[in-house]
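Notes for the structure review
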Amino acid sequence: MSIRMKRFKDWLLNPVLVKELQRRIQSRKTPIILFAYLIVLGVFVFSFFSTFDTQSDHFDADNSIGLFLFLSALQLMTAAFVLPGLTSSMISGEREKQTLYILLTTNLDSKQIVIGKWMASLSFMLMLFICSLPFYVMVYGFGGITTWHLILVVFHLFSTMLFYSSLGIFFSAWIKRTGVATTISYLAVFFHGIGIAVVGYFAFVVGSFFTQNLMHGNQIPLVFELLMAIHPVTSLLDIFHFMGDFDTKIGGYIPFYLFYILFYFITSFALLIAASYMMMPHRFQWRRREEKK
Amino acid sequence: MIKIEGLRKEYKNGSLVALDNLHLQIEQGTVFGFIGPNGAGKSTTMLILATLLTPTSGHAEIGGFHVVKQGDQVRRLIGYMPDFFGVYDNLTAYEYLEFYASCYGVDKEIQQRVITDLLELVNLIDKRQQPVDGLSRGMKQRLGLARSLVHDPAVLILDEPASGLDPRARIEFREVLKELRSMGKTIMISSHILPELADLCDTIGVMEHGKLIASGPVDQLIQKPKEERLLELRLLADQQIEEVKELLQADPNVQSVEEDQEQLLIQMVGNEQQQADILMNLITKEIKVVHFAEVSVNIEDVFLQVTEQREEANVNEHSNETI
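Note that the coordinates shown come from a computational prediction; the quantities given were computed from them, not determined experimentally.

Now for the overall build of chain B. The secondary structure content of chain B amounts to eleven helices and 14 strands. With 323 residues in all, chain B has 48% of them scored as buried. Once local pairs closer than 6 in sequence are excluded, the contacts in chain B between residues at least 24 apart make up 66%. On chain B, roughly 15700 Å² of surface is accessible, and the fraction owed to carbon and sulfur atoms is 46%.

Following this line, the structure appears as structure tokens:
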């Protein structure tokens, strides 16, 4: 391993991450949450299986895709419920416990603290996801889903998880009180799931008023396309081409799901940078710059 | 070791000035005590030196490194202990120090030895496996001090480290600080308990309303008001106190004489020779003196005197402006 790689590894696997992971693993809540999550998932999946026609000599692939989509939507909902709660207290909690100042006087920089906290919460969600993989494999075994579908769904889910956790960390760094940071994080996630759909619906209605034949061809307004592309459900449906007659390409080129994955990767990165900036004691101040001028 | 020049810190767009044109220099290996009422600017100064706050203007450096521009280097040099700090409740005392040792980049191979040494230094070795949140406040403070020493910093910045401690814990804490002083650490310490600083500090600085109104070696500051002396005089029971009072008041160096329970308090101006002359005068008049001593001036007196002088100066300035 080159020196540069070793430095990066040391930077990434910093004491904050190690401590948070230890705390998470040692917590009594962790196995309970994991157990409850798998039980709920198992009940849904096996209930779905029981509705399949076992007498028939052939298997309808649509059933499998439906179950796969259902599983993915369930994972998205879990991420929406779990991640803001986990991450929104990460920095503000340190501030409230009066440990943040001490941490900031160590050799760790604010980026390392943010990345450590973020990776710890993300790894918990990833653990839930990895533990649920056997269910995906079972559904995958029924056929109807290609490996490409599987990869895209995993990337879609992963980008959503990155976004939700970064959002929580950002509000946690920005807002001093944990209660407020948590509420705003959940409101932001709610807007992501419901708000964008509502705004998109109105954009569609307004668009329909001005444009005939909106469901066919390339006449959808760009705003509406973007809103559809950044919505978790519509972009997920797009992976399986479940969007009916809509043209599901931004400007006719970029598929919704690809735009979604790229958009949230970049947004998450920007939110993490912003969070570490918020934590820096010596931040750029417009007022002072103006005074100097 | 620590150099501050024209440091200023404003809050709320300049409507609140926490620090105003602060100049200060602390030599290597000395213990500097910061005295001042709440809101005087002590904690603000310490936060700036700990790289946790940006000054509005001015310059501060530690070990030749600028606290804003070279924060990383400064952080390696300092151990900071805030007035209030929390602990991670899920860690033991040993794990707590181990975590911070890792944060400071202390080598894994020497961590165990360093932590054991520090726990011994702060007398917490028998509590090493106890959860941190189960420790008493005094123990937490000592653990906090051990934490600030985990990377062997040259400079310690301790903001009110003894606040909220009971007398025993305070004495124990002071003993640890004395040991650190003997190790040659440069220590900057603030406290409300003024006598606590007197026998610990080499130099002190008195702050008020964001300004350093007096600073220098403790001995010098205590010597300053010594031209004015307060003497205690106790006589044998059968002595005529009124006669003695008249005799004392006749002395040109005596400013006032007051009765205080069973003794007289003599306010005089002069040196030790004049003080001895007063006693000689009493004895030659066959007055039976049981106790005659100067009331020692301590750091609290210095603080009160300095702040009172300033208050008087402000009042005069204000009245002149009104006129």
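Scanning all chains against the criterion turns up 13 salt bridges over all chains. Between Glu20(A) and Lys19(A) there is a salt bridge, and its shortest N-O distance comes to 3.6 Å. Classification of Glu20(A) by relative accessible area gives buried; the value is 3%. Looking at Lys19(A), the relative accessible area reads 6%, which means it is buried. Note that Arg8(B) and Asp20(B) form a salt bridge whose closest N and O atoms lie 2.9 Å from each other. Here the residue Arg8(B) occupies a position in strand E1 (residues 2-11), and Asp20(B) occupies one in strand E2 (residues 16-26), the gap between them amounting to twelve residues. For Asp20(B), a relative accessible area of 22% puts it in the partly exposed group. Within this structure, Lys19(A), Glu20(A), Arg23(A), Glu94(A) and Lys117(A) form a network of salt bridges that share partners.

Sheet faces and side chains relate simply in a regular strand, where the side chains alternate between the two faces. Residue and element names in this part refer to chain B. As defined by bridge partners, strand E9 (residues 203-208) adjoins strand E10 (residues 211-217) across six bridges and the pair is classed as antiparallel. For Glu208, the partnering residue across the bridge sits in E10 and is Lys211. Between E9 and E10, which pair antiparallel in sequence order, lie two residues; one of them, His209, sits at a positive phi of approximately 50°.

Right, let's talk about the environment of Glu20(A) for a bit. On the secondary structure map, Glu20(A) appears in helix H2 (residues 15-26). With residues up to four places along the chain from it excluded, the contact list for Glu20(A) reads Met90(A), Glu94(A), Lys117(A) and Ala120(A).

The interface of chain A with chain B comprises 21 residues on the first partner and 29 residues on the second. The junction of chain A with chain B conceals about 2500 Å² of combined surface from both sides, 58% of it contributed by carbon and sulfur atoms. Ranking the residues of chain A by area buried against chain B places Ile102(A), Thr105(A) and His282(A) at the top, with a combined share of 27%. The tally of links between chain A and chain B comes to five residue pairs in polar contact (both at pLDDT 80 or more). Mapped by element, the contributors of at least two residues to the side of chain A that touches chain B are H2, helix H6 (100-104) and helix H14 (286-292) of chain A. Class assignment of the residues belonging to the side of chain A that touches chain B gives a composition of eight nonpolar, six polar and seven charged.

A few words now on the environment of Val290(B). Among the secondary structure elements, Val290(B) is positioned in strand E14 (residues 289-294). When sequence neighbours within four positions are dropped, the list of residues in contact with Val290(B) reads Arg234(B), Leu235(B) and Leu236(B).

All right, on to the packing of aromatic side chains then. Residues and elements named next belong to chain A. Evaluated as defined, the whole model comprises 19 aromatic pairs over all chains. Aromatic side chains Phe170 and Phe171 sit 5.4 Å apart centroid to centroid with 65° between the ring planes, which places their arrangement in the edge-to-face category. Like Phe170, the residue Phe171 is buried in the burial classification. Look at Phe170 and Trp174: their rings are 5.6 Å apart centre to centre, the planes differ by 40°, and that puts the pair in the tilted class. On the criterion of helical spacing, the pair formed by Phe170 and Trp174 is a turn pair, its members being four residues apart in helix H9 (residues 147-174). Three or more aromatic residues link up through ring pairs in this structure, and these residues are Phe163, Tyr164, Phe259, Tyr260, Phe263 and Tyr264. Positioned above the aromatic ring of Phe124 is the side chain of Arg24, whose terminal nitrogen or guanidinium carbon lies 5.6 Å from the ring centre.

On to the sheet that holds strand E7 (residues 155-159) of chain B, then. Residue and element names in this part refer to chain B. Read across the open sheet, the six strands follow the order E6-E7-E8-E3-E9-E10; overall the sheet is mixed. The open sheet has two free edges, formed respectively by strand E6 (78-81) and E10, since each of these has just one partner strand. Taking the axes of each pair of neighbouring strands and ignoring which way they run, one obtains an average angle of 15° across the sheet. Relative to E7, E6 is paired through four bridges, and the arrangement is parallel. Across the sheet, Gly79 pairs through a bridge with Leu156, a residue of E7.

Residues and elements named next belong to chain B. A sheet is described by the order of its strands in space; here four strands give the open sequence E12-E13-E11-E14, paired in antiparallel fashion. Whereas interior strands pair on both sides, the edge strands pair on one side only; in this sheet they are strand E12 (254-260) and E14. Sheet twist, expressed as the average angle between the axes of neighbouring strands with direction ignored, equals 20°. Two strands pair when backbone bridges link them, and strand E11 (residues 228-235) and strand E13 (residues 263-269) are joined in this way by six bridges, in the antiparallel orientation. Along E13, the bridge assignment pairs Leu230 with Gln267. Packed onto the sheet, helix H10 (residues 272-284) meets E11, E12, E13 and E14 and runs at close to 170° relative to E14.

Definitions and cut-offs
Residues numbered from 1 in each chain as written. Chains lettered and ligands numbered in written order. Predicted model: local features only at pLDDT ≥ 70, side-chain atom pairs only at ≥ 80, totals over all residues. Heavy atoms only, no water. Helix = DSSP H or I, 4+ residues; strand = E, 2+ residues; numbered from the N terminus. Buried < 20%, exposed > 50% of the residue type's maximum accessible area, 1.4 Å probe, protein only. Contact = heavy atoms within 4.5 Å. Areas by Shrake-Rupley, 256 points an atom, 1.4 Å probe, with all protein chains shown as cover. Salt bridge = Lys/Arg side-chain N within 4 Å of Asp/Glu carboxyl O. Pairing = 2+ DSSP bridges. Buried area = accessible area lost by both parts, 1.4 Å probe. Polar contact = N/O pair within 3.5 Å; in protein donor to acceptor, adjacent residues only side chain to side chain. Nonpolar A, V, L, I, M, F, W, Y, C, P; charged D, E, K, R; others polar. Phe/Tyr/Trp six-rings, centres within 6.5 Å; stacked < 30°, edge-to-face > 60°. Lys NZ or Arg CZ within 6 Å of the ring centre and 35° of its normal. Axes fitted to C-alpha atoms, helices over the stretch in contact; angles between N-to-C directions.

Fair warning: the whole summary comes from geometry, so function is off the table for now.
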